[in-house]
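Each chain is listed here by its residues.
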Amino acid sequence: MASGALHSDWLPSFEAVSREQFVPDRIWPGIADGTKQNPVVYRSKDPEVWHRAVYSDVPLTTQWDDGDHDGGGLGVTPSSSNSMPTMVVSMLRDLDVRPGDRVLEIGTGTGWNAGLLARRLGDANVVSVEYDPEVAQGARENLHRAGLAPTVVEGDGRAGWSRGAPYDRIIATCSLLEIPAAWLEQSAPGAVIVAPFGTEYGGEQIVRLTVNGDGTRAVGSFTGGSAFMRLRQQRTERPSFDEYLHGVEWPADGARSTTTLSPWDTGEWFQQFVIGLAVPGAFWRAERYDSGAYTLWIYSRDKQSWASADYEHGRTEYEVYQSGPRNLWDEVEAAYRWWDGQGRPGHERFGLTVTPEGHTAWLDSPDNPVPTRG
């Protein structure tokens, strides 16, 4: 409240539906930007540290590797969590619910967000879809203990839940590469969709869309950065480098060139997002060296193209190799220089148009699409 993140209209819900009711015994506290995962904390072993983590403004990982990981160590990939409180607040603010609204949530997780919505709107007006049966059952138990009973459905979130449609509001608590057409179909005229929208290249922003009268189009702007776990059915394959070289030693058939654009300048979270909007079907990895230098590797999802760009502190020219039908570094550089040439616009100037056929990102107006490469 003091910071202005939480407004008075949501305060009764947050007071009645405390976060600790929806946090399990074992958690891995993170930090706000999602770049670090702290060691495990158990309520049963260290309740003071556990409570301090729960009432801190950080995300809490509650599951690794789709439930295959056990014990107190870190797994490979976080797969379920209790979201950072200010992110929960900001997305609920974007959702802008009204009395009587029916809400569809995608990604139940621990059930806290569904609980807040049910407290505000009533159990009968909230449906939450969770893919993982164990996670869904845990959420139901948490909600029951809190005296709440929204509908929790086990299923593929891409399909929504047609039995409860139409919905006035749809909110996703998982990152998306594409907004599913089913969500538009299940929306009431003028419905609002709030979701973390990411690119395959990297970066992610919250988008707030308004659906037209017949569910064939949704348009809206980005409201701020986020770092959610990807919807499981939209995770993308990350082939090994060997699959691109086809058994030939690097640089294989890569063509050498140089650039004055530092790979470092392309690596910030928002820059990755902008590049990803303009360079579809590509992703990156970094190979780091003890000296602080690194190689930025860029790959196409179809395994046909790759590029490398070497970064070293203090340099003004950087070596590049590219191979395949797409010159991936050239595409990345063109996207960056386009953004730079537009005055380095922030998230508030970008938006998204969604139809059943796909999405189009734009700058300032739907009539000004982001130029795509590749």
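Everything quoted here is computed from the prediction, not taken from an experiment.

Draft legend 1. Seen up close, the packing of helix α8 (residues 269-278) against helix α9 (residues 328-341). As a packed pair, α8 and α9 sit with axes 9 Å apart at the nearest point and diverge in direction by 115°. Between α8 and α9, the angle is such that the two are roughly perpendicular. The hand of the α8/α9 crossing is right-handed. Residues Phe270, Gln271, Val274, Ile275 and Ala278 of α8 touch α9, and the partners they reach there are Val332, Ala335, Tyr336, Trp338 and Trp339. Residue composition of the contact of α8 with α9, grouped by class: 9 nonpolar, 1 polar and no charged.

Draft legend 2. Local environment of the sheet that holds strand β13 (residues 282-288). Across the sheet, 5 strands lie side by side as β12-β16-β15-β14-β13; this open sheet has antiparallel pairing. Among the strands making up the open sheet, the edge pair consists of β12 (255-259) and β13. Averaged over all neighbouring strand pairs, the angle between strand axes comes to 20°, with direction disregarded. Relative to strand β14 (residues 294-300), β13 is paired through 7 bridges, and the arrangement is antiparallel. Each bridged residue has a counterpart across the sheet, and for Phe283 the counterpart in β14 is Tyr299. Contacting β12, β13, β14, β15 (306-311) and β16 (318-323), α9 runs over the sheet at an angle of about 100° to β14.

Draft legend 3. Just the environment of Arg43, in detail. Its place among the elements puts Arg43 in the loop between β2 (41-42) and α2 (47-54). Excluding residues that lie within four positions of it along the chain, Arg43 makes contacts with Glu20, Asp25, Trp50 and His51. A polar atom in the side chain of Arg43 sits 3.3 Å from the side chain of Glu20.

Draft legend 4. Inspection of the pattern of salt bridges at higher detail. Inspection of every chain in the model, using the stated rule, returns 20 salt bridges. Where Glu331 meets Arg326, a salt bridge forms, and the shortest distance between an N and an O atom there is 2.6 Å. Each member of the pair Glu331 and Arg326 is classed as buried. Of the charged contacts in the structure, one is a salt bridge between Arg349 and Asp364, with a shortest N-O distance of 2.8 Å. Taken together, the residues Arg349 in the loop between α9 and β17 (350-355) and Asp364 in the segment after β18 (358-363) connect sequence positions 15 residues apart. Judged by its relative accessible area of 27%, Arg349 falls in the partly exposed class. By relative accessible area, which is 46% here, Asp364 ends up partly exposed.

Draft legend 5. Highlighting the pairing of strand β5 (residues 103-106). Side chains of β5 alternate between two faces, with Val103 and Glu105 and Leu104 and Ile106 buried alike. Here 4 bridges tie β5 to strand β6 (residues 126-130), and the two strands are oriented parallel to one another. Looking at β6, one finds that Ile106 is bridged to Val129. Between β5 and its parallel partner β6, the chain crosses via helix α4 (residues 112-121), and the hand of that crossover is right-handed. The sheet contact formed by β5 and strand β8 (residues 167-172) spans 4 bridges and is parallel. Bridge pairing links Glu105 to Ile171 in β8.

Cut-offs applied
- Residues numbered from 1 in each chain as written.
- Predicted model: local features only at pLDDT ≥ 70, side-chain atom pairs only at ≥ 80, totals over all residues.
- Heavy atoms only, no water.
- Axes fitted to C-alpha atoms, helices over the stretch in contact; angles between N-to-C directions.
- Helix = DSSP H or I, 4+ residues; strand = E, 2+ residues; numbered from the N terminus.
- Parallel < 35°, antiparallel > 145°, perpendicular 65-115°, else oblique.
- Left-handed = near helix turned anticlockwise from the far one by under 90°.
- Contact = heavy atoms within 4.5 Å.
- Nonpolar A, V, L, I, M, F, W, Y, C, P; charged D, E, K, R; others polar.
- Pairing = 2+ DSSP bridges.
- Polar contact = N/O pair within 3.5 Å; in protein donor to acceptor, adjacent residues only side chain to side chain.
- Salt bridge = Lys/Arg side-chain N within 4 Å of Asp/Glu carboxyl O.
- Buried < 20%, exposed > 50% of the residue type's maximum accessible area, 1.4 Å probe, protein only.
- Right-handed = clockwise from strand over helix to strand, strands pointing away.

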